[in-house]
Amino acid sequence: MFAASTVAASTAPLLLGGCCLTAAVSLLLAYLLHICTRGATAADPEAAPHPEAAFPTAQWAAAMRACDARSAAPQIGTNVGGGPDLAAQHLAGETGALMLDAIASPLGLRPEDTIFGLVERTRWLDARWMAALDGGVRQFVILGAGLDARAWRLPRLSESVRVFELDVPAAIAYKKAAVARLALPCRCTRTAVAADLSEAASWPVALLESGFDPAAPSLFLLEGLLQYLPPHAPHRLLRTVAGLMAPGSAAVGGHCLTHPHPKPNPKPNPNPNPNP
């Protein structure tokens, strides 16, 4: 299932907490798509995905935000004093729309029937972002940024706010071309950084070289990212994020939780002792 979590800079920065935002249909569809994009096989169900294998899911997510924007009562943005994601349809492109329809149609659902989980996750993370902004944070790092449009759509942003968007080169190039076609006005200072987030030793260097200040408070956003990393990469990623967080920083995100493989039952004790 999806869970929304917050990590705060403290003496134990990796203690996760928060609230679960669930919608059964959305979660099932998200998990199925997650499995498809990992490239796992029956022989190796934990096969690590290619770093760029998850990018089409960004187009799918953008198509869901576009579906919300087209609805009679858009929900994204209403809880933070902003508006819907009007760029989402253009960022999603035909591929995103086709993915959304291809996932919903076989189940007899309309596209709008599948977006609840994504919409609620977006609203929750938007609220965490705006709380950090209103608390004085001026550095925001979106890991696995995909087609995120917060740099354009969130209210009260200014040139003093730095937004760093990290993703694989294919995602960065696609988004750069789409943004150029749309001529989107951006009120903050946005920096795109090409990086493989499964490589814990390299992406922080790229972030620092792009102007990130590890001595200043920051908010790291990890939305729908961790499930697309190799099996042991999420732990390293979170530890690396914690090392970049100055006092007053936080990390928030949504992740896909799956049940571990059950362990075999132990052999019964021939001489059970009810009073050990």
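Anything mentioned here points back to the structure above.
Just so it is clear, the structure is predicted and the values come from calculations on it, not from any experiment.

Rules of the game
- Residues numbered from 1 in each chain as written.
- Predicted model: local features only at pLDDT ≥ 70, side-chain atom pairs only at ≥ 80, totals over all residues.
- Heavy atoms only, no water.
- Helix = DSSP H or I, 4+ residues; strand = E, 2+ residues; numbered from the N terminus.
- Buried < 20%, exposed > 50% of the residue type's maximum accessible area, 1.4 Å probe, protein only.
- Contact = heavy atoms within 4.5 Å.
- Areas by Shrake-Rupley, 256 points an atom, 1.4 Å probe, with all protein chains shown as cover.
- Axes fitted to C-alpha atoms, helices over the stretch in contact; angles between N-to-C directions.
- Parallel < 35°, antiparallel > 145°, perpendicular 65-115°, else oblique.
- Left-handed = near helix turned anticlockwise from the far one by under 90°.
- Nonpolar A, V, L, I, M, F, W, Y, C, P; charged D, E, K, R; others polar.
- Salt bridge = Lys/Arg side-chain N within 4 Å of Asp/Glu carboxyl O.
- Core = buried A, V, L, I, M, F, W, Y, C linked by side-chain atoms within 4.5 Å.

Looking at this structure, how should I read the overall build of the protein?
Across its full length, the protein carries eight helices and six strands. Helices and strands in the protein line up, N terminus first, as β-α-α-α-α-β-α-β-α-β-α-β-α-β. For the protein, the proportion of its 276 residues judged to be buried stands at 48%. Sequence-distant contacts, at least 24 apart, represent 75% of the contacts inside the protein between residues at least 6 apart. Working note: accessible area of the protein is about 13600 Å², and carbon and sulfur atoms make up 60% of it.

I would appreciate a short explanation of the packing of helix 3 (residues 88–104) against helix 6 (residues 169–182) in the present structure.
Any two packed helices are characterised by how steeply their axes cross, that is the angle between the axes, and by the distance between the axes. Their axes nearest at 10 Å, the elements helix 3 and helix 6 cross at an angle of 125 degrees. Taken as axis vectors, helix 3 and helix 6 run oblique relative to one another. In this structure, helix 3 meets helix 6 at a crossing whose hand is right-handed. Mapping the contact onto sequence places His-90, Leu-91, Ala-92 and Gly-93 in helix 3 and Tyr-174, Ala-178 and Leu-182 in helix 6. By residue class, the composition of the contact of helix 3 with helix 6 is five nonpolar, two polar and no charged.

Help me out: how do you make sense of the environment of Ala-178 in this one?
With respect to the element layout, Ala-178 can be found in helix 6. Residue classification places Ala-178 among the buried positions, given a relative accessible area of 1%. For the pair Ala-178 and His-90, spaced 88 residues apart in sequence, the C-alpha separation works out to 7.3 Å.

Can you help me understand the pattern of salt bridges in this one?
Oppositely charged side chains can pair when the atoms bearing their charge come close. Per the stated rule, a full pass over the model turns up 12 salt bridges. Residue Glu-120 pairs with Arg-123 through a salt bridge whose shortest N-O separation is 3.8 Å. Highlighted residues: Glu-120 and Arg-123, both in helix 4 (residues 116–134), separated by three residues, approximately one helical turn. Given the relative accessible area of 24%, Glu-120 is considered partly exposed. Look at Arg-123 and you get buried, because its relative accessible area is 18%. A salt bridge links Asp-126 to Arg-150; its shortest N-O distance comes to 2.7 Å. One end of the pair, Asp-126, is in helix 4; the other, Arg-150, is in helix 5 (residues 150–153), and 24 residues separate them in sequence. Sharing partners across several salt bridges, the network here consists of Arg-121, Asp-126, Asp-148, Arg-150, Arg-153 and Glu-223.

Before we go on, may I ask you to explain the packing of helix 2 (residues 55–70) against helix 4 in this structure?
Between helix 2 and helix 4, whose axes approach to 10 Å, the crossing angle comes to 85 degrees. One element, helix 2, and the other, helix 4, form an angle in the roughly perpendicular class. In this structure, helix 2 uses Ala-61, Met-64, Arg-65 and Asp-68 to contact helix 4, whose residues at the interface are Leu-118, Val-119 and Thr-122.

How should unusual backbone geometry be read in this particular structure?
Its identity is not glycine, yet Arg-156 carries a phi of approximately 65 degrees, on the positive side. With respect to the helices, strands and loops of the structure, Arg-156 is situated in the loop between helix 5 and strand 3 (162–167). Positive phi is not limited to glycine here, since Ala-183 has a value of about 50 degrees. Relative to the helices and strands, Ala-183 is located in the loop between helix 6 and strand 4 (189–194). Residue Ala-183 is classed as exposed on the basis of its relative accessible area, which comes to 59%.

I tried to follow the nonpolar core on my own but got confused; where do I start?
Note on soluble globular proteins: their nonpolar side chains tend to be buried together. Core analysis: the biggest nonpolar cluster contains 46 residues, and Trp-129, Phe-140, Leu-157, Val-161, Val-163 and Leu-219 have the highest contact counts within it. Of all the secondary-structure elements, those providing two or more residues to this core are helix 2, helix 3, helix 4, strand 2 (139–143), helix 5, helix 6, strand 5 (219–223) and strand 6 (250–256). Membership of the second largest hydrophobic core comes to 23 residues, among which are Leu-166, Trp-203, Phe-220 and Val-241.

Please explain the environment of Ala-131 as it appears in this structure.
Within the secondary structure layout, Ala-131 lies in helix 4. Sequence separation between Ala-131 and Val-80 is 51 residues, and the spatial gap between their C-alpha atoms is 9.3 Å.

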